[in-house]
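Read off the chains here:
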Amino acid sequence: MALPKDIHAKRDELVTLIEQARTDYYQNDKPTISDDEYDKAFNELVELENIYPELISGDSPTQTVGGQASDGFTEFTHPTRMWSLDNVFDDAELDAWFNRVGDHDFLCELKIDGLAINAVYRNGKLETLATRGSGAVGENVTANVEYMKCIPRELKSVKGVKIPQLLEVRGEVFFTLEEFDQINLEVTATGRTAFANPRNAAAGTLRQRIDRRIEAVVDAEKRAAGKSADSKQIASLGKYTDELDRAKSALNRLDLIVHGIGTHDGIELTAQSHAYEILKNWGLPTSPRVSVVKSAKEVRAYIKKFGEQRHEIEHDIDGVVIKVDSLNEQTELGFTARAPRWAVAYKYPPTVVRTKLLGIGVQVGRTGRVTPRAEVEPVLVAGSTVSFATLHNPAEVKRKGVLIGDVVFLRKAGDVIPEILGPVVELRSGNEKEFKMPKKCPECGSELAREKESDVDIRCPNSRSCPAQLRGRLEHLGSRSVLDIEGLGEKAARALLEDKVISDEGDIFDLTEEKLKSSDFFVRGSDREFAENGKLLLAQIELAKTKPLWRILSALSIRHIGSTTAQAITKEFSAIEDLAKAKVEDIAQVDGIGQTIAVSIVEWFSEPWHVEVVDKWKKSGVQLTEQKTQSGPQILEGLNIVVTGTLEKYGRDAAEEAITSRGGKAVSSVSKNTDFVVIGPGAGSKAKKAEELGRPILDEAGFELLITQGPAAVRQKYFS
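Calculation rules
- Numbering of residues starts from 1 in each chain and follows the order in which that chain's sequence is written.
- It should be noted that, the model being predicted, local features are given only for residues of pLDDT at least 70 and side-chain atom pairs only at 80 or more, the latter also being counted only at that level, while totals for whole chains, interfaces and linings use all residues.
- Computation of side-chain values: all heavy atoms of the structure, hydrogens and water removed.
- Strand pairing requires that DSSP identify at least two bridges connecting the strands.
- Each helix corresponds to a stretch of at least 4 residues labelled H or I by DSSP, and each strand to a stretch of at least 2 residues labelled E; elements are numbered beginning at the N terminus.
- An axis is simply a line fitted to the C-alpha atoms; with a helix, the fit covers only the stretch in contact. Between two such axes, the angle follows the N-to-C directions and lies from 0 to 180 degrees.
- It only takes one pair of heavy atoms within 4.5 Å for two residues to be counted as in contact.
- pLDDT: the predictor's confidence for each residue, scored from 0 to 100.
- Only protein chains enter the area calculation, which uses a 1.4 Å probe; residues under 20% of their type maximum are buried, those over 50% are exposed, and those in between are partly exposed.
- Nine residue types can take part in a nonpolar core, namely buried Ala, Val, Leu, Ile, Met, Phe, Trp, Tyr and Cys, and a core is a set of them joined through side-chain atoms within 4.5 Å.
- Each Phe, Tyr or Trp ring, with Trp reduced to its six-membered ring, pairs with another whose centre is within 6.5 Å; inter-plane angles below 30 degrees give stacked pairs, above 60 give edge-to-face pairs, and intermediate values give tilted ones.

## Some words on the sheet that holds strand E5 (residues 125-131)
- Taken in spatial order, the four strands of this open sheet run E5-E4-E7-E8, and their pairing is antiparallel. Only two strands of the sheet have a single partner each, and these edge strands are E5 and strand E8 (255-265). Adjacent strand axes in the sheet meet at a mean angle of 25° when their direction is disregarded.
- Here strand E4 (residues 115-122) runs beside E5; their pairing, made up of six bridges, is antiparallel. By the bridge assignment for E5, Ile117 is matched with Thr131.
- Strand contacts of helix H5 (residues 198-206): E4, E5 and strand E7 (166-174), with the helix running at about 45° to E4, the strand carrying the most contacts.

## Some thoughts on the confidence of the model for the protein chain
- Confidence in the prediction of the protein chain, expressed as mean pLDDT, is 85, and 85% of residues score 70 or more.
- Ranking the elements of the protein chain by mean pLDDT puts helix H6 (residues 210-225) last, at 62, and helix H21 (residues 608-619) first, at 97.

## Topic: the pairing of strand E20 (residues 640-644)
- In terms of burial, E20 is largely enclosed, as four of its five residues are buried.
- Strand direction decides the pairing type here: E20 and strand E21 (residues 665-667), joined by three bridges, are parallel. Bridge assignment links Val642 to a residue of E21, and that residue is Val667.
- Pairing of E20 with strand E22 (residues 676-679) involves four bridges; the strand directions are parallel. When the sheet's bridge partners are listed, Ile641 is paired in E22 with Phe676.

## What to know about the nonpolar core
- Counting residues in each nonpolar core, the largest one holds 54 residues, and the members touching the most others are Ile508, Leu511 and Trp617.
- Each residue touching Trp617, except ones within four places of it in the same chain, is listed here: Leu477, Glu505, Gly506, Ile508, Phe509, Ile552, Ala555, Leu556 and Val622.
- Membership of the second largest hydrophobic core comes to 42 residues, among which are Leu126, Ile183, Ala203 and Leu284.

## Here we look at the packing of aromatic side chains
- Applying the stated criterion to the full structure yields eleven aromatic pairs.
- Taking the centre distance of 5.3 Å and the plane angle of 65° together, the rings of Phe98 and Phe106 count as edge-to-face.
- Phe106 sits in the buried class, given a relative accessible area of 2%.
- Ring centres of Trp604 and Phe605 lie 4.9 Å apart, and the angle between their planes is 80°; on these two criteria the pair is classed as edge-to-face. Here Trp604 matches Phe605 in class, with each residue buried.
- Ring-pair connections join several aromatic residues into one group, and the members of that group are Trp83, Phe335 and Trp342.

## Describing the pairing of strand E11 (residues 343-347)
- Here E11 lies mainly inside the structure; five of its five residues are buried.
- Going residue by residue along E11, you find Ala343, Ala345 and Lys347 tucked away on one face and Val344 and Tyr346 tucked away on the opposite face as well.
- Judged from the five bridges that link them, strand E10 (residues 317-324) and E11 form a sheet pairing that is antiparallel. Bridging across to E11, Gly319 finds its partner in Lys347.

What follows is the structure, encoded as structure tokens:
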């Protein structure tokens, strides 16, 4: 029986929210929702899929690790997959986890709020440093190691312990709170925006391209050394040199604590704690607060102790990680699609403070959503001063019962995003005022309205020319997770629009030096010399024209289209022109899309000015078709293949690439049209469905035979 439309719509809504949150958090280092909101949405999706298992697909957030590599660095495929962790938030959820895993010795350690990394040592020497990324593929940031004192370049030899030929070490890169405060003082002193928290500071520092800064200095040196060098050129050299020095200094002040081990060829380990001892002896930084305990009671004592001490620790934490200590027992417990069953993170509740609500304004997002924003008396919470807090939507303001002038409870949800919990009613004086949502857009004066009576959100309908929406769309398409156009941030977007260099995002790829020089933002001096930021922007725009089609689709700001959704769509529609002509039912059939997203796409292309944007991009040379490359014989052409569970040699991305590069289709759900189902540990319901439908099932060895010799060889060996 077909599922109700509202169930599909709710699933699509949750997936879109979660994927966008992951993009903002992992790729942009700028979280837009709290950890608390993310966890609620994620748990709601888990519950929905438990009730309706047919909703589960291979690319569902419940089946994948968050994050992916950006285009800023080369990609690095981790020898062994890096996993995410499941979270629990109270004693009841922790007890449920203990009941699932049984009695063991447990290793407890603090959950550092930093950036996960993977260091690969070969014969004791550091070969690669990479971020976690998607878990299978991260960003290769090895070039920055030269400036990082926290990463040992070579392992110390230990008597009686052979250094492995290949060793993967997992850890967390972070700033101490003291260094974080100093970094932010330096950042704000140069007129830049302060980091929201230590995690973002660490991520932003490690993921900077130090080689680009060095190139800028070299170029400036060449200009300053020229016979015609003037004071402006010499000043630019000083500026670039200062920026490079700050970048090197920040990298040098990063810290590292290792908390895991991946591939370790040539050494036998018995327990997590045993691995930590050896890693420490090799000279790798381990935490002094790790403790091995023998009961659930002792785990709770550890959680309580550090919950009370969390703000006395030198670095930021957001919980405690509990792991089964024995490596053999870890292997027996195995993994789900995204996380180990033998480990869990206990998340501490966010800090709550009291402050005064001074006023409530509104801000307009790129899709027209108008959001109330509270201005509060500045207050220190979770290590930083907060002056503004989110109120989500008008209904939320009413639900929480807050009035302007109230003393309110405020928390830094997930220790990141400030939000108001509610008023301290007992302290009201009688002079408080009710918030009234404006009837007109504060940016363009258009009448605000709900698209449907049932909608919670109020929107500005002037999507074509509302300044706030235009700025938002420009910032979005320039962001790291979309087209990664360096130099197209909030200030540049504002200048392009306010100085009438462009009328909308359709003009962005047609920019020239002459056009940019009409804006003061892109020139310098009385002779209006073309500035470096303009040169950088033009160069980056040229690069963006050849980005993969899914990034181009994401850049159009179609509602509900995030990076994962865009990639799924462009696997089926290899040209924007084909997608523009497609019907709702055709788009909805794409794995992981559904009715809500399909309707959104069709409605977007039905708007004439949207089509004008696409036409402008086409005329400007933007690549609007997917350039497919074949890496070898198409021996899997026409085959639908499902990969489920954990494969030893292949992460999910690598397995899909192995299929698609040989002409096959990597599908997420098992049906009568599935040609092969590849099953690894933790396969779950898909394995059962494959058996019920009588579809051919392969293990990892069978999969390797399939991708190397084709379906005939597989059928002869396994099914003849």
